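Residue-level structure breakdown
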Amino acid sequence: MGRKELSRTAAVLTALALGLTACGSGDDGGAEGSDTVRVTVANHVWTDTIKEAIPEFEEETGLKVELTQLGEDQLSDQYNVKLNAGSDEIDVMMYRPLQEGRLFADNGYLADLTDRVEANADWEWSDFQEGPVTATTFEDKVVGVPIITEREVLYYRKDLLDAAGLEVPATMEELEAAAKTISEANPGTAGFVARTGKSAAVTQFSSFLFSFGGDFIEDGESAVSSKEAKEAYAFYGGLINNYGPENVSTDMSWSEAMAIFTQGGAAFYTEADSLYKNATDPAKSKVADTVGFAPLPAGPAGSKPYNIPSWSLAINEASQNQDNAWKFIEWATSKDMTMQIQQGGVPGPRASVWADAGGTSTYPEDLAEAISISAENGVGHDRPLVKSVGEAREIVGAPIVAAITGADSDAEADTAHEAFEKFLEGEQ
Amino acid sequence: MSVATAPARKTAGQSFSDWANAHRKWLFAAPAMIFVGILIIFPVAWTVYLSLTDASGSVRADSDFIGLENYLSVLTDTDRFWPAAGRTAYFTVTALAVEMVLGMCIALLLWRPFRGEKWVRVAILLPLVATPVAVGMMWRLIFDPNIGFANQMLGWVGIPPQPWLSGVESALPTTIFIDIWQWTPMIVLILLAGLTSLSEEPDEAARIDGANAWQRFWYVTLPLMMPTVIVAVLLRSIDALKTFDILYATKGKGGGSFNEVETLNIYAYGLSFDYNKYGLSSTVLILFFLIIVSIMFLLTRRRKGTP
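All values reported here derive from a predicted model rather than from experimental measurement. (Residues numbered from 1 in each chain as written. Chains lettered and ligands numbered in written order. Predicted model: local features only at pLDDT ≥ 70, side-chain atom pairs only at ≥ 80, totals over all residues. Heavy atoms only, no water.)

Okay, the UniProt feature "transmembrane region" (unreviewed entry) in chain B next. Here the UniProt-annotated "transmembrane region" (unreviewed entry) positions come out as residues 26-49, 89-111, 123-143, 180-198, 218-238 and 278-299 of chain B. End C-alpha to end C-alpha, residues 123-143 of chain B measures 22 Å, and it is 86% helix and 0% strand. (UniProt positions renumbered as here; feature names shortened; annotations may be inferred. Helix = DSSP H or I, 4+ residues; strand = E, 2+ residues; numbered from the N terminus.)

What follows is the structure in structure tokens.
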């Protein structure tokens, strides 16, 4: 019966109340200054590269790294359970500063790294870009070190554009016109594809919102029913409704949308630049040869993609092994490692790596250019900056799916506005 | 030394064994009671307590006792809670009804021995041994609107592609279909066990009296099968009510962008793991618990009432 569910929730609480939270410390892993650093990471290209390099770190330092790798949602759930219970089973954690950062920092789950980041001049904290650093700083304390940065760019199919005799769209209007032309000329191929899931689409929609001159929150108040926001909702959803794949589902996250694009099902696709390898790797993509990249087309307010740190490393406040955890972070975010990872296809947060020609040598030329333009125009967030981001995303994402299904997105934006106002009051 | 006088004073060991003898019914039950206390009563009690607070963000953070406020807001929530309760009921009743009818039909077919019986039984049991999450992911691929096998098959016979899991209206029926695919075998198994244990005489007597196959099933076999049927209904309805894996694996958080397959379970999970609202989530779980307990109470009473 419901007992199972009850115990699921209550397991956390039981552990807490019975004071069993330290039960992980029986083995050597949890002891003070243990030689084993327990690192929890998400599935990501970054992780693949770091995994290969870990033996070097182990040899250098004599420490052992125990890696736990999970999908994004499972990772969140793990943190919710373990950090809530004050577990010391995690030393280093890969987390999303914009998604969970505020909540975690506010709850005291993240160790204060301010002194540590300043301590090593060679490692050079000042080399990290300002936007990412702001996102990992909470109440003037550094709580995380950024590892991956992202901007939204336009992925497109050169062959389809050539066949239609079109230029790469530089404005939203041109994008819509090109999507229309290509989808009409190629039955079965969508003009445009992007994320469609209520919550998943919010981050990619944000760049459209900014480019139309809107934002989710303005002066602490909900802005999702502003004229600009309504236009952006209608535009993003309309592109998919009118020129998207047939039978489009409203549950698509990046993996489903990317699959449609890489299987040759769409002409244009807007997505994070850090995922470009999925489109250019012939093993994963049928269109690897013909994919091109461009900055996000300009809306009425210009081209304003988000420019954010999507993932960072932090130390669990309850960890008994913080010194060694820091050694791992210092190594994983060093200039050399960042260069190596960036060359492997993951845009990093270090200015010196971007300034170095080697930092972009492995990138398609047009992508490197799009990234540098986006980094300049970029906005530092891609979702409402609140504590309960999950709930906020669902609220502000509702008008997106309404527009995708051809429903009245203006009315839905008004409804979302009311709900969001109420939500923001509750956050105070 | 003057201690050795009779009657000898009891040693500590003896007094313990006396005490143990006197309290043996408690002593033997103690491990089970401690187990139940720690693993069932404590979590339930703690959840009840949480449901009376505004705990959110972190369960370790300070929270205020707010009485029945959560219950009031949940019970008046016509946006998420009641639709989710409705979907839970719809899912359970539909899945259960189809599974019972289908399960009974298959069990009757398998009842009498036939050639290749063993192979058929194994084939029917296959869905049962798969993990529900894997089953959900598999069907998600099959029902993919663009590259899925289901729509390709429809295409071969000239039927236009269907939205299946991606349609707002069709998502819940599709998940019910998956549930039926996976769990009908369990019903077959239970009913078949019941059928094989029935005695032949009543059926033969009815046959001699000239009853046809349908009459013999309706007036003889089914009434005799009633206790087994109720056991099957009981087990499956508990399971169906708390379905989580299939729904989460096919539609993800919140049961899809329009909450189209959000049942009470998915809702409570989202409240706690996505919204970090532990107080509200506990309230939903307690209400859900009460609903299930009352249904089970009614069902078991019905079972006792059956001759």
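This is not the end of the story, as more comes after the structure.
All right, on to the interface of chain B and chain A then. On the side of chain A, 42 residues touch chain B, which itself brings 45 residues to the contact. Carbon and sulfur atoms supply 57% of the area buried between chain B and chain A, which totals about 3900 Å² over both sides. Taken as a group, Arg60(B), Ser257(B) and Phe273(B) account for 17% of the area that chain B buries against chain A, more than any other trio of residues on that side. Here chain B and chain A share five salt bridges between them. For Lys253(B), the salt bridge goes to Asp73(A), with nearest N and O atoms at 3.4 Å. Counting the contacts that link chain B with chain A gives 19 residue pairs in polar contact (both at pLDDT 80 or more). Among the secondary structure elements, those contributing two or more residues to the side of chain B that touches chain A are helix 2 (24-51), helix 11 (245-251), helix 12 (264-273) and helix 13 (278-305) of chain B. Broken down by element, the side of chain B that touches chain A gets its largest block of residues, eight residues, from helix 2 of chain B. Here the side of chain B that touches chain A is built from residues that sort into 25 nonpolar, eleven polar and nine charged. (Contact = heavy atoms within 4.5 Å. Buried area = accessible area lost by both parts, 1.4 Å probe. Salt bridge = Lys/Arg side-chain N within 4 Å of Asp/Glu carboxyl O. Polar contact = N/O pair within 3.5 Å; in protein donor to acceptor, adjacent residues only side chain to side chain. Nonpolar A, V, L, I, M, F, W, Y, C, P; charged D, E, K, R; others polar.)

In this section: the side chain of Ser334(A). Within the secondary structure, Ser334(A) sits in the loop between helix 13 (322-332) and helix 14 (335-343). In this structure, Ser334(A) is in contact with Trp123(A) and Arg350(A), ignoring residues within four places of it in sequence.

The next point concerns a nonpolar patch on the surface. Residue and element names in this part refer to chain B. Together, Ile 34, Phe 35, Val 36, Ile 38, Leu 39 and Ile 41 line one region of the surface with nonpolar side chains, adding up to about 560 Å² of accessible area. For Ile 34, the position within the fold is in helix 2. Its relative accessible area of 54% is what places Ile 34 among the exposed residues. (Patch = residues over 30% accessible without salt bridge, like charges linked within 9 Å, V, L, I, M, F, W, Y side chains within 5 Å. Areas by Shrake-Rupley, 256 points an atom, 1.4 Å probe, with all protein chains shown as cover. Buried < 20%, exposed > 50% of the residue type's maximum accessible area, 1.4 Å probe, protein only.)

What follows concerns the domain arrangement of chain A. All names here are of chain A. According to the domain assignment, chain A contains domain 1 (3-150 + 308-377) and domain 2 (151-306 + 382-427). Residue-level contacts link 24 residues of domain 1 with 27 residues of domain 2. Counting the surface lost from both domain 1 and domain 2, the interface buries some 2300 Å², and carbon and sulfur atoms represent 59% of this. Scanning the region where domain 1 abuts domain 2 turns up one salt bridge. (Domains from an automatic or database assignment.)

Residue and element names in this part refer to chain A. Within strand 10 (residues 266-272), seven of the seven residues are buried, which leaves the element mostly enclosed by the surrounding structure. Looking at chain direction, strand 6 (residues 145-157) and strand 10 are connected through five bridges and run antiparallel. Counted as the bridge partner of Val 153 is Glu 271 from strand 10. (Pairing = 2+ DSSP bridges.)

This part is about helix 17 (residues 365-377) of chain A. Residues and elements named next belong to chain A. Its 13 residues place the ends of helix 17 19 Å apart at the C-alpha level, agreeing with the 18 Å of an ideal helix rising 1.5 Å per residue. Within helix 17 the residues assigned to the buried category are Leu 367, Ala 368, Ala 370, Ile 371 and Ser 374. All buried residues of helix 17 fall inside an arc of 160° around its axis, so they share one side. Seen from the buried face of helix 17, the exposed residues on the opposite side, beyond 90 degrees, are Glu 365, Glu 369 and Glu 376. Close packing links the buried residues of helix 17 with strand 6, strand 11 (291-295), strand 12 (307-315), helix 15 (351-355) and helix 16 (357-360). (Expected span 1.5 Å × (residues − 1). Arc of directions from axis to C-beta.)

Turning our attention to the nonpolar core. Membership of the largest hydrophobic core comes to 51 residues, with the highest contact counts inside it found for Trp46(A), Met93(A), Met94(A), Phe104(A), Val145(A), Phe328(A) and Trp331(A). Top contributing element to this core by residue count: helix 13 of chain A, with six residues. (Core = buried A, V, L, I, M, F, W, Y, C linked by side-chain atoms within 4.5 Å.)

The next thing to look at is the packing of aromatic side chains. Remark: the centre distance and the inter-plane angle together describe each pair of aromatic rings, the angle taken between the planes. Evaluation of the coordinates by the stated rule reveals 41 aromatic pairs over all chains. Their ring planes at 15° and their centres at 5.3 Å tell us that Phe244(B) and Tyr248(B) sit as a pair that is stacked. Residue Phe244(B) is classed as buried on the basis of its relative accessible area of 11%. On the accessibility criterion, Tyr248(B) (17% relative accessible area) is buried. Pairing Tyr269(B) with Phe273(B) gives two aromatic rings, centres 4.8 Å apart and planes at 25°, and the pair type is stacked. Here Tyr269(B) and its partner Phe273(B) are both found in helix 12, four residues apart, which amounts to about one turn of the helix. According to the relative accessible area criterion, Tyr269(B) is buried, its value standing at 15%. What makes Phe273(B) buried here is its relative accessible area of 16%. One aromatic cluster is present, formed by Phe192(A), Phe205(A), Phe208(A), Phe212(A), Phe216(A), Tyr233(A), Phe235(A) and Tyr236(A) through successive ring pairs. (Phe/Tyr/Trp six-rings, centres within 6.5 Å; stacked < 30°, edge-to-face > 60°.)

Let's shift gears to the side chain of Ser51(B). Residue and element names in this part refer to chain B. In this structure, Ser 51 sits in helix 2. Here Ser 51 falls in the buried class, since its relative accessible area comes to 0%. When residues no more than four places from it in sequence are discounted, the contact partners of Ser 51 are Gly 67, Asn 70, Tyr 71, Gly 279, Ser 282, Thr 283 and Ile 286.

Once that is clear, we can look at the packing of helix 10 (residues 227-243) of chain A against helix 19 (residues 409-427) of chain A. All names here are of chain A. Where helix 10 contacts helix 19, the two axes come as close as 9 Å, and the packing angle between them is 130°. One finds that helix 10 runs oblique with respect to helix 19. The element helix 10 and its partner helix 19 pack so that their crossing is right-handed. On helix 19, the residues that touch Lys 230, Tyr 233 and Ala 234 of helix 10 are Ser 409, Asp 410, Ala 413 and Asp 414. (Axes fitted to C-alpha atoms, helices over the stretch in contact; angles between N-to-C directions. Parallel < 35°, antiparallel > 145°, perpendicular 65-115°, else oblique. Left-handed = near helix turned anticlockwise from the far one by under 90°.)

One non-glycine residue, Asp140(A), adopts positive backbone phi at about 65°. Along the chain, Asp140(A) turns up in the loop between strand 4 (137-138) and strand 5 (141-142). For Trp164(B), which is not glycine, the phi torsion reads 40° and is therefore positive. Considering the arrangement of structural elements, one finds Trp164(B) in the loop between helix 7 (149-156) and helix 8 (171-196). Here Trp164(B) falls in the partly exposed class, since its relative accessible area comes to 22%.

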